Amino acid sequence: MSGPVTVNGVVLLAAPVGEYDKRVVLLTRERGKITAFARGARKSTSALLAAANPFVFAAFRVYEGRSAYSLVAAEVSHHFTELAREQPGVYYGFYFLEFLDYYGREGVDASDMVNLLYAALRGIENPKIPNPLVRRVFELKLMTLNGEYPQVFECVRCGRKEELVTFSLGRSGVLCTECCREDKAGVPVSASLLYTMQYVISSPIGKMYSFTVTDEVLREFERLMDRYVGLYTDKKFKSLEILKMMC
């Protein structure tokens, strides 16, 4: 076994193994999504007792094995324990973790995804930003980071940048007043929603939760993202089912 390495990231999933151990899934800046075993982490005397839990951001010291890592130490930077008291905010948080687990891959730089999760959890804690808006911004930005974002800056059919009025799910983008006549299944989009989506796609992660929208635009955003996420993901998210029951 080679020497230990330090990876920086967040715990996406933690599950008990045996009597005292835990299996954790980490999303790390340096190595993407990795699986690690934290031996003895469920013992009350373990130094990993608090660290091997979802929502914990830390510098994790791990040993690399053949098929998994061994987690031996962690220096926690933020644990979001206050999120557990937020209802239904904590359920949004678990959905974010599951969505990241779906998109996470080993061996890639996941710095932006880690940063996005941190920003989204801070957004959940901010009473001035509606939780549903935090969710839709998170979904759209994460899909953008993974190259699955829609074309919302110009007509996907002719390239026109003005009078963009319809969103085509089939073409994954907006259509102008002329081209939308060819897409009978297109979804009408307001100028406000279009601007919101353009902002989310093009702005840095640090500015994702620096704005809010009207209730009408938020409902429009939700309807469109429900269909868009359903089209581009092939998984039923368990945490989303719970979230729907709680909200």
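This one's a predicted model, so the numbers in the text were calculated from it and none came from an experiment.

A.B. asks: I keep staring at the packing of helix α1 (residues 89–103) against helix α6 (residues 238–246) and nothing clicks. Help me out?
C.D. replies: For the pair α1 and α6, interaxial distance at closest approach is 8 Å and the crossing angle is 160 degrees. The angle between the axes of α1 and α6 places the two elements in the roughly antiparallel class. Regarding α1 and α6, the two cross each other, and that crossing is left-handed. Where α1 approaches α6, its residues Tyr 91, Tyr 92, Phe 94, Tyr 95 and Glu 98 are matched on the opposing element by Lys 238, Ser 239, Leu 240, Ile 242, Leu 243 and Met 246. Here the contact of α1 with α6 is built from residues that sort into eight nonpolar, one polar and two charged.

A.B. asks: How should I be thinking about the packing of α1 against helix α3 (residues 131–145) in this particular structure?
C.D. replies: For any two helices packed against each other, one specifies the crossing angle of their axes together with the interaxial distance. Relative to each other, α1 and α3 sit at 10 degrees, their axes nearing to 11 Å. Looking at the two axes, α1 sits roughly parallel to α3. Contact with α1, carried on its side by Gly 89, Tyr 92, Tyr 95, Phe 96, Phe 99, Leu 100 and Tyr 103, involves Asn 131, Pro 132, Val 134, Arg 135, Phe 138, Glu 139, Leu 142 and Met 143 of α3 and no other residues of that element. Of the residues that constitute the contact of α1 with α3, the class distribution is eleven nonpolar, two polar and two charged.

What counts and how
Residues numbered from 1 in each chain as written. Predicted model: local features only at pLDDT ≥ 70, side-chain atom pairs only at ≥ 80, totals over all residues. Heavy atoms only, no water. Axes fitted to C-alpha atoms, helices over the stretch in contact; angles between N-to-C directions. Helix = DSSP H or I, 4+ residues; strand = E, 2+ residues; numbered from the N terminus. Parallel < 35°, antiparallel > 145°, perpendicular 65-115°, else oblique. Left-handed = near helix turned anticlockwise from the far one by under 90°. Contact = heavy atoms within 4.5 Å. Nonpolar A, V, L, I, M, F, W, Y, C, P; charged D, E, K, R; others polar.

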